[in-house]
Amino acid sequence: MSNLMEVSEAEIFQNEVIRPIIKAKNDFIISFFKDYIASKKIIFESEIDKRNKIENILKADLSLKNIFIGAIIANLSKTELDNFLENKAEYSKRIISIIAKRLFDNL
């Protein structure tokens, strides 16, 4: 019998490993992104505009995206890194999604 509350391995890794690291790196993430938008002279006109621009920046600027992913995976243990590398695309997507949410909430 399947448990409806069953959590995937990716969700467990996200919640037990990725989220705590992102939380610990929150000040870095916010400061780095504020510097980025200031250097690009990006202004948010509204909450919807802010959400759209943040999403577009994180999709379009691979360099910025890779800096954020690198800042997070640099904090992984060897075992956690091995797990990350097995599912790199999935975990990278989750990292950027969580960071985007933090940016929406903190800017």
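Preceding this section is the structure that the text describes.
Residues numbered from 1 in each chain as written. Predicted model: local features only at pLDDT ≥ 70, side-chain atom pairs only at ≥ 80, totals over all residues. Heavy atoms only, no water.

What should I look at first to understand the overall build of the protein chain in this one?
Scanning the protein chain from terminus to terminus reveals six helices and zero strands. Helices and strands in the protein chain line up, N terminus first, as α-α-α-α-α-α. With respect to the three principal axes, the spread of C-alpha positions in the protein chain is 50 × 30 × 25 Å. Counting across all 107 residues of the protein chain, residues that qualify as buried make up 35%. Partitioning the contacts of the protein chain with sequence separation of at least 6, the portion at a separation of at least 24 is 72%. Surface accessibility of the protein chain: about 7,000 Å² in total, with carbon and sulfur atoms responsible for 54%. (Helix = DSSP H or I, 4+ residues; strand = E, 2+ residues; numbered from the N terminus. Buried < 20%, exposed > 50% of the residue type's maximum accessible area, 1.4 Å probe, protein only. Contact = heavy atoms within 4.5 Å. Areas by Shrake-Rupley, 256 points an atom, 1.4 Å probe, with all protein chains shown as cover.)

Quick question: what am I supposed to make of the side chain of Ser92 here?
Of note, Ser92 is situated in helix α6 (residues 88–106). Once residues within four sequence positions are removed from consideration, Ser92 is found in contact with Ile69 and Phe84.

In this structure, what is going on with the environment of Glu45? I would like to understand it.
The residue Glu45 is located in the loop between α2 (26–39) and α3 (47–60) in this model. In sequence terms Glu45 and Ser92 are 47 residues apart; their C-alpha atoms lie 29 Å from each other.

Even after reading the chapter, I still don't get the nonpolar core, so can you show me in this structure?
Side chains that are nonpolar tend, in soluble globular proteins, to be buried together. In terms of nonpolar packing, the biggest core is built from 28 residues, with Ile22, Phe33, Leu58, Phe68, Ile95, Ile99 and Leu103 touching the most fellow members. Of all elements in the fold, only α1 (9–24), α2, α3, α4 (62–73) and α6 reach the threshold of two or more residues within this core. If you tally residues by element for this core, the top one is α6, at eight residues. With near-sequence residues (within four places) excluded, Ile99 lies in contact with Ile22, Ile29, Phe68 and Ile72. (Core = buried A, V, L, I, M, F, W, Y, C linked by side-chain atoms within 4.5 Å.)

Is there a simple way to think about α3 in this case?
The α-helix winds at 3.6 residues per turn, so residues separated by three or four positions along the chain end up facing the same way. Between its terminal C-alpha atoms α3 stretches 20 Å, which fits the 20 Å expected from 14 residues at 1.5 Å a residue. All of the buried residues along α3 are Asp49, Lys50, Ile54, Ile57 and Leu58. On an axial view of α3, the arc spanned by its buried residues comes to 155 degrees, and they lie on one face. What points out from α3, more than 90 degrees from its buried face, is the exposed set Ile48, Lys59 and Ala60. Tucked into the core, α3 has its buried residues touching α2, α4 and α6. (Expected span 1.5 Å × (residues − 1). Arc of directions from axis to C-beta.)

Just to check I follow, could you spell out the environment of Lys50 for this structure?
Relative to the elements of secondary structure, Lys50 occurs in helix α3. The class for Lys50 is buried, based on a relative accessible area of 5%. C-alpha of Lys50 to C-alpha of Leu103: the two residues are 53 residues apart in sequence and 9.3 Å apart in space.

Just geometry here; none of it tells us what the structure is for.
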